[in-house]
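Letter by letter, the chains look like this.
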Amino acid sequence: PPSIGMAPDVPACRDSLDLPQVCSTPGLKMLPKYSRWLRCIALFDLLATAPLALPVLNDQVAALLLSGFGLLGSPGAWLPLSLPASLFCSLAGLLGLLWTGCRVLRPDDALLIRADAWGRCAVAAALAYYLLARGAPVVLWLFVATELGGAAVERVALARGIAK
């Protein structure tokens, strides 16, 4: 029987937490080459977001990122973060851990890949807005590039890696 709140026709892992099982559209499987690339991207994202999820580390990590790892000035110049900024860093880090954890466990789930690619484009657009309209630190262009690069890899994986 379907889980509570799930329509019976929605493909999902309903009866098992067997991690190797793919929760995706039936009949669609990612080729191993792309699955490895997507898992590596997800692991990188996991490592990058994990420190932001910890309230005791997030201010220092955010300051380090905003200063371009010290190349664009002292990270200490960004400290202390305001309470709302610190809170939202923690929330973003926690959501990042949840999302990237799902992507690490299910790197060949077509729905997650599509959602992540669109999400990366949205994040890149938001960062570009803050860079162009609000004078955000130029180091954020690096994050725009990595988001768009990740979306491009995912789009290629979807275009070439799914056997129909």
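The model shown is predicted, which means the values in this text are computed figures rather than measured ones. (Residues numbered from 1 in each chain as written. Predicted model: local features only at pLDDT ≥ 70, side-chain atom pairs only at ≥ 80, totals over all residues. Heavy atoms only, no water.)

(A) View of the packing of helix 4 (residues 110-134) against helix 5 (residues 140-161). Packing of helix 4 against helix 5 brings their axes to within 8 Å, and their N-to-C directions diverge by 155 degrees. On the basis of the axis angle, helix 4 is roughly antiparallel to helix 5. The element helix 4 and its partner helix 5 pack so that their crossing is left-handed. By residue class, the composition of the contact of helix 4 with helix 5 is 18 nonpolar, two polar and six charged. (Axes fitted to C-alpha atoms, helices over the stretch in contact; angles between N-to-C directions. Helix = DSSP H or I, 4+ residues; strand = E, 2+ residues; numbered from the N terminus. Parallel < 35°, antiparallel > 145°, perpendicular 65-115°, else oblique. Left-handed = near helix turned anticlockwise from the far one by under 90°. Nonpolar A, V, L, I, M, F, W, Y, C, P; charged D, E, K, R; others polar.)

(B) Structural view of the pattern of salt bridges. Tallied over the full model, the rule gives six salt bridges. Here Asp 45 makes a salt bridge to Arg 120, at a shortest N to O gap of 2.3 Å. Here the residue Asp 45 occupies a position in helix 1 (residues 32-53), and Arg 120 occupies one in helix 4, the gap between them amounting to 75 residues. Residues Asp 45 and Arg 120 agree in their burial class; the two are buried. (Salt bridge = Lys/Arg side-chain N within 4 Å of Asp/Glu carboxyl O. Buried < 20%, exposed > 50% of the residue type's maximum accessible area, 1.4 Å probe, protein only.)

(C) Representation of the packing of aromatic side chains within the structure. Applying the stated criterion across every chain yields a total of one aromatic pair. On the numbers, 5.1 Å between centres and 80 degrees between planes, the contact of Tyr 129 with Tyr 130 is edge-to-face. On the basis of relative accessibility, which here comes to 41%, the residue Tyr 130 falls in the partly exposed class. Here the basic side chain of Arg 155 rests over the ring of Trp 118, its NZ or CZ set 4.4 Å away from the ring centre. (Phe/Tyr/Trp six-rings, centres within 6.5 Å; stacked < 30°, edge-to-face > 60°. Lys NZ or Arg CZ within 6 Å of the ring centre and 35° of its normal.)

(D) Geometry of the confidence of the model for the protein. Per-residue pLDDT for the protein averages 82, and the proportion of residues at 70 or more is 79%. Element-level pLDDT for the protein is lowest in strand 2 (residues 162-163), with a mean of 44, against a maximum mean of 96 in helix 4. Note that pLDDT drops below 50 for residues 1-27; the model gives that stretch 31 contacts with residues more than four away or on any other chain. (pLDDT = per-residue confidence, 0-100. Contact = heavy atoms within 4.5 Å.)

(E) Quick look at a nonpolar patch on the surface. Taken together, the side chains of Leu 71, Leu 72, Leu 132, Val 138 and Trp 141 make up a nonpolar region of the molecular surface, amounting to roughly 600 Å² of accessible area. In this structure, Val 138 sits in the loop between helix 4 and helix 5. Judged by relative accessible area, Val 138 falls into the exposed class, the value being 57%. (Patch = residues over 30% accessible without salt bridge, like charges linked within 9 Å, V, L, I, M, F, W, Y side chains within 5 Å. Areas by Shrake-Rupley, 256 points an atom, 1.4 Å probe, with all protein chains shown as cover.)

(F) Main features of the packing of helix 3 (residues 83-105) against helix 4. Orientation of helix 3 relative to helix 4, taken along the N-to-C sense of each, is 140 degrees, at an axis distance of 11 Å. When the axes of helix 3 and helix 4 are compared, the pair comes out oblique. For helix 3 against helix 4, the interelement crossing comes out left-handed. Packed against helix 3, whose contacting residues are Trp 99, Cys 102 and Arg 103, the element helix 4 presents Leu 112, Ala 115, Asp 116 and Arg 120 at the interface. Per-class residue counts for the contact of helix 3 with helix 4 are four nonpolar, no polar and three charged.

(G) The arrangement of the layout of surface pockets in detail. As a volume, the largest pocket reaches approximately 1,600 Å³. Every residue lining the largest pocket is counted, 42 residues in all, and those nearest its centre are Thr 49, Leu 52, Val 123, Phe 143 and Glu 147. Counting residues per element, the ones that place at least two in the lining of the largest pocket are helix 1, helix 2 (55-66), helix 3, helix 4 and helix 5. Tallying contributions element by element places helix 3 first for the lining of the largest pocket, with ten residues. Class assignment for the residues of the lining of the largest pocket results in 29 nonpolar, eight polar and five charged. (1 Å grid on protein atoms, 1.4 Å probe; cavity = no way out; pocket = protein on both sides within 12 Å on 5 of 7 lines; lining within 4 Å. Points joined across faces, edges and corners; volume = space filled by probe spheres on them.)

(H) Inspection of helix 5 at higher detail. When the terminal C-alpha atoms of helix 5 are compared, their 30 Å separation across 22 residues agrees well with the 32 Å that a helix rising 1.5 Å per residue should span. Within the span of helix 5, buried status applies to Leu 140, Val 144, Glu 147, Gly 150, Ala 151, Glu 154, Ala 157, Leu 158 and Gly 161. (Expected span 1.5 Å × (residues − 1).)

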